[in-house]
Amino acid sequence: MIWDRHRAAPLIVLVLVLLVAPYFVGDPLATAPSMQLTPPGFAYPLGSDLLGRDMLARTVYGGQRTLMSAGAATAIAVGGALCLTGIVVVTPPGGRRWLRLLTRTLLALPPLVFGLIIVTLTSGGEWGVIAATGLVHLAPYVRVLDTSETSARQNGHVEAARALGAGEWRVWRAHLLPIMLPTLLAQAGVTFAGAILTSAALGFLGFGGEVSAPEWGRMLYDGRQVLRVAPWVPLAPGVGITLLVMSVNYALESGERRVRRWRE
Amino acid sequence: MRAIARALIDALWAGLLAASLLFLALRALPGDGLTHQLIESGASDDVIQARRASLGLDQPLVTQVAGYLAGLARGDLGVSLLDGRPVRDALYDALPHTLTLAGLALGVGLVGGITVGTAAARTQNAVRPVARLAIAVGLSAPTALIGTLAIVVFALWLDWLPGSGAGTIGHIVLPASVLGWHSAAAIGQVTAAALHDVYSAPYLIAARGRGLSSRRLLVHALRACAPTIVTATMLQAGFLFGGTAITEAIFARPGVGRLLVDAALRQDYPMVQGVALWCAGVAIGAALIGDALSASLDPRLRDVE
């Protein structure tokens, strides 16, 4: 099967669908009071919600929004971790100890608890959730970066470069980074999958922008109130999240990399 | 012994740092739930100033941090900004619910995780792909979806168990299973990976060569995986006992997670701080216990710096 050989195929297809589909569906905000809670059928392929809004349009737009906010959060986490590590590399040795202590402290908080604190600080909003999601996944990324750097430094050619007088920054960029790159990319994927779940969880708890916006976590929350009569309302966004995260995990699952992550 | 003492000191440092950071981060910001509430209720500036002064919010930041840490040492977590209730009392009221739920979920996670992990790594027939799919879905599906589906199927359609509230044994079965499923997937993933490695280790191949039954082999292998499983389980314990906001929200249960979400939505900083501190403490403690257990299971881990 194609997805056995090309493990990223499901993810690519899903992302393409979510990027293109908004041009083919209706308005996710348009309400139709007479059509409320219509079961899936010809008019509404995925049914409609309590306000008669098209669940297909909302799921598609919500998916696009999830992709973008999870992407932005991943950029914050990865960029922030690289910046922090970069600062530590060019400053005196004591900096690394502080970074490790800070990382360990941040890792002590369960992700959702940490996220809720940041959201409280930024008083909610779409960007508050993105910032919270990014910061939640910052500390784990720093730790992976730190671990893989430590093991990359064991290499003979790194020691040789230092002995020849290469500066800290030069060693890091030219000798350590190429070794760490596969791990860093894989961890970025792990971060992306985690960011999807974290932002959906925060949305479900009532944070993140205006109430009517199509957002998967928020839609799950809305669905909870009507699930007795209309189980399709929570099902569409929930299955969307599951498929997206599964396809990211599946793309990551290529042999050794996966095993290494398990060990850590 | 020295390693344990050092780990303990490290943990204390991390806890102290977490407490100070939390306090500074939450206090450094302008505006708080109390001021919002008073402004909205139309109180005059004098009243607002007086209320802020009575809660110590007008003091310099350093004095506030020192006061908070001193209070912490006495077991005083401050009072809620909104109703003046001591944070400690609110936490005490919420804890029994969270502890029961988290304990049961951890049990489900441990038993389910080892079972499904073993199935994913060692079975040959149709069980294997099913176990792998269960792990993949468990790791990918948001708790909110699993919980909602569980309510629809078991509470609404089949009407076997109550779908919301707390109190009887029946009330806890669904939330504990939903929460435990996610932990089981995480523990199962680690178990499967560890078993996979152990089965290619020379001593196990030798044991197989000597003709040990596959059941005896599995016992050997699981013993060798125990430290890994313990570490993964303690990580889950840290998450679970720190409150389970989503599950508590879905099943309308009281608990620590619920307390945190409500406080965050109303910007009640002392409450957020107190609950977060409890979570950090539990996670640090669980990691510590996990390290100690792993060290007692695997002598090689004892001398590692």
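Residues numbered from 1 in each chain as written. Chains lettered and ligands numbered in written order. Predicted model: local features only at pLDDT ≥ 70, side-chain atom pairs only at ≥ 80, totals over all residues. Heavy atoms only, no water.

(A) Representation of the overall build of chain A. For chain A, the helix and strand inventory stands at 12 helices and zero strands. Viewed in the frame of its principal axes, chain A has a C-alpha envelope of about 75 × 45 × 30 Å. By the burial criterion, 51% of the 264 residues in chain A qualify as buried. In chain A, once contacts between residues fewer than 6 apart in sequence are set aside, the share between residues at least 24 apart is 68%. On chain A, roughly 12,300 Å² of surface is accessible, and the fraction owed to carbon and sulfur atoms is 67%. Considering chain A, the positive charge centre built from 22 side chains and the negative charge centre built from 15 side chains are found 7 Å apart. (Helix = DSSP H or I, 4+ residues; strand = E, 2+ residues; numbered from the N terminus. Buried < 20%, exposed > 50% of the residue type's maximum accessible area, 1.4 Å probe, protein only. Contact = heavy atoms within 4.5 Å. Areas by Shrake-Rupley, 256 points an atom, 1.4 Å probe, with all protein chains shown as cover. Lys, Arg positive; Asp, Glu negative; His and termini not counted. Charge placed at Lys NZ, Arg CZ, Asp CG, Glu CD.)

(B) Spatial organisation of the side chain of Thr233(B). Its place among the elements puts Thr233(B) in helix 10 (residues 214-241). For Thr233(B), the residues in contact, after removing those within four places along its chain, are Leu106(B), Leu110(B) and Ile187(B).

(C) Expanded view of helix 7 (residues 138-152) of chain A. All names here are of chain A. The terminal C-alpha atoms of helix 7 lie 21 Å apart, and with 15 residues this matches the ideal 21 Å at 1.5 Å per residue to within 8%. When helix 7 is considered as a whole, its buried residues turn out to be Leu138, Ala139, Tyr141, Val142, Val144, Leu145, Asp146, Ser148, Glu149 and Ala152. Of the surrounding secondary structure, the elements contacted by the buried residues of helix 7 are helix 3 (55-90), helix 4 (94-107), helix 6 (126-136), helix 8 (156-163) and helix 9 (168-204). (Expected span 1.5 Å × (residues − 1).)

(D) Focus on the pattern of salt bridges. All names here are of chain A. Counted by the stated rule, this structure contains eight salt bridges over all chains. Aspartate 146 is paired through a salt bridge with arginine 96; the nearest N and O atoms lie 3.0 Å apart. With aspartate 146 in helix 7 and arginine 96 in helix 4, this residue pair connects regions lying 50 residues apart in the sequence. There is no split in this pair, since aspartate 146 and arginine 96 are both buried. For aspartate 146, the salt bridge goes to arginine 100, with nearest N and O atoms at 2.7 Å. One end of the pair, aspartate 146, is in helix 7; the other, arginine 100, is in helix 4, with 46 residues separating them in the sequence. Shared partners join several salt bridges into a network, and the residues in it are Arg96, Arg100, Asp146, Glu149, Arg153, Arg162 and Glu168. (Salt bridge = Lys/Arg side-chain N within 4 Å of Asp/Glu carboxyl O.)

(E) Just empty space enclosed by the protein, in detail. Residue and element names in this part refer to chain A. Scanning all chains against the criterion turns up four cavities of 30 Å³ or more. Arg65, Ser69, Glu126, Val129, Ile130, Ser199, Gly203, Phe207, Gly208 and Glu215 are the residues that line the second largest cavity. The set of elements that each furnish at least two residues to the lining of the second largest cavity consists of helix 3, helix 6 and helix 9. The element best represented in the lining of the second largest cavity is helix 6, accounting for three residues. Residue composition of the lining of the second largest cavity, grouped by class: three nonpolar, four polar and three charged. (1 Å grid on protein atoms, 1.4 Å probe; cavity = no way out; pocket = protein on both sides within 12 Å on 5 of 7 lines; lining within 4 Å. Points joined across faces, edges and corners; volume = space filled by probe spheres on them. Nonpolar A, V, L, I, M, F, W, Y, C, P; charged D, E, K, R; others polar.)

(F) Seen up close, a nonpolar patch on the surface. There is a patch of nonpolar side chains on the surface, built from Leu19(A), Val20(A), Tyr23(A) and Phe24(A) and spanning about 510 Å² of accessible area. By secondary structure assignment, the location of Phe24(A) is in the loop between helix 2 (9-20) and helix 3. (Patch = residues over 30% accessible without salt bridge, like charges linked within 9 Å, V, L, I, M, F, W, Y side chains within 5 Å.)

(G) Spatial organisation of the packing of helix 8 (residues 169-198) of chain B against helix 10 of chain B. All names here are of chain B. Their axes nearest at 9 Å, the elements helix 8 and helix 10 cross at an angle of 145°. Where helix 8 crosses over helix 10, the two elements pack in a sense that is right-handed. Listed contacts from helix 10 to Leu179, Ser183, Ala186, Ile187, Val190, Thr191, Ala194, Leu195 and Val198 of helix 8 are Leu218, Ala221, Leu222, Ala224, Cys225, Thr228, Ile229, Ala232, Thr233, Gln236 and Leu240. Classifying every residue of the contact of helix 8 with helix 10 gives 15 nonpolar, five polar and no charged. (Axes fitted to C-alpha atoms, helices over the stretch in contact; angles between N-to-C directions. Left-handed = near helix turned anticlockwise from the far one by under 90°.)

(H) Quick peek at helix 5 (residues 111-121) of chain A. With respect to burial, helix 5 of chain A is a largely interior element, 10 of its 11 residues being buried. For helix 5 of chain A, the complete set of buried residues consists of Leu112(A), Val113(A), Phe114(A), Gly115(A), Leu116(A), Ile117(A), Ile118(A), Val119(A), Thr120(A) and Leu121(A).

(I) Representation of the interface of chain B and chain A in the model. Taken together, the contact between chain B and chain A spans 46 residues of the former and 40 residues of the latter. The three residues of chain B that bury the most area against chain A are Ser140(B), Leu145(B) and Gln189(B), which together make up 14% of that side's buried surface. For the pair chain B and chain A, the number of links is zero salt bridges. Where chain B touches chain A, the interface holds zero residue pairs in polar contact (both at pLDDT 80 or more). Elements that contribute at least two residues to the side of chain B that touches chain A include exactly helix 1 (2-27), helix 6 (127-140), helix 7 (143-157), helix 8, helix 10, helix 11 (245-250), helix 12 (256-265) and helix 13 (269-297) of chain B. A per-class count over the side of chain B that touches chain A returns 38 nonpolar, six polar and two charged. (Buried area = accessible area lost by both parts, 1.4 Å probe. Polar contact = N/O pair within 3.5 Å; in protein donor to acceptor, adjacent residues only side chain to side chain.)

(J) Fine view of the packing of aromatic side chains. Within the structure shown, the criterion is met by two aromatic pairs over all chains. Seen from their ring centres, Phe204(A) and Tyr221(A) are 6.1 Å apart, and the 80° between their planes marks the pair as edge-to-face. Of this pair, Phe204(A) sits in helix 9 while Tyr221(A) sits in helix 10 (residues 216-225), and the two are 17 residues apart along the sequence. Taking relative accessible area as the criterion, Phe204(A) reaches 2% and is therefore assigned buried. The positively charged end of Arg122(B) is found above the aromatic ring belonging to Tyr199(B), 3.6 Å away from the centroid. (Phe/Tyr/Trp six-rings, centres within 6.5 Å; stacked < 30°, edge-to-face > 60°. Lys NZ or Arg CZ within 6 Å of the ring centre and 35° of its normal.)

(K) Representation of the confidence of the model for chain B. All names here are of chain B. Per-residue confidence for chain B averages 80 on the pLDDT scale, and 88% of its residues sit at or above 70. Across chain B, the secondary-structure element scoring lowest on mean pLDDT is helix 2 (residues 33-40), at 64, and the one scoring highest is helix 5 (residues 87-122), at 89. Overall fold confidence (pTM) sits at 0.82, and the ipTM for the predicted complex is 0.76. (pLDDT = per-residue confidence, 0-100.)

(L) Up close: the side chain of Thr133(A). Here Thr133(A) shows up in helix 6. Here Thr133(A) is in contact with Ala73(A), Ala195(A), Thr198(A), Ser199(A) and Leu202(A), once residues within four sequence places are set aside.

(M) The nonpolar core, seen in detail. Core analysis: the biggest nonpolar cluster contains 88 residues, and Leu116(A), Ile117(A), Phe204(A), Leu205(A), Ile241(A) and Ile246(B) have the highest contact counts within it. Of the residues forming this core, the biggest block, 11 residues, is contributed by helix 9 of chain A. The residues contacting Ile241(A), other than those within four sequence positions of it, are Ile196(A), Leu197(A), Ala200(A), Trp216(A), Leu220(A), Ser140(B) and Pro142(B). Listed in part, the 21 residues of the second largest apolar core include Ala119(B), Ala186(B), Ala194(B) and Val198(B). (Core = buried A, V, L, I, M, F, W, Y, C linked by side-chain atoms within 4.5 Å.)

(N) Fine view of the environment of Pro86(B). Residue and element names in this part refer to chain B. Here proline 86 shows up in the loop between helix 4 (61-73) and helix 5. Sequence separation of proline 86 and aspartate 76 is 10 residues, and the distance between their C-alpha atoms is 8.2 Å. Discounting chain neighbours no more than four positions away, the residues touching proline 86 are Gly78 and Val79.

(O) Here's a closer look at the confidence of the model for chain A. On average, chain A scores 81 in pLDDT, and the residues at 70 or more come to 92%. Element-level mean pLDDT values for chain A span from 50 in helix 12 (residues 256-263) of chain A up to 88 in helix 3 of chain A.

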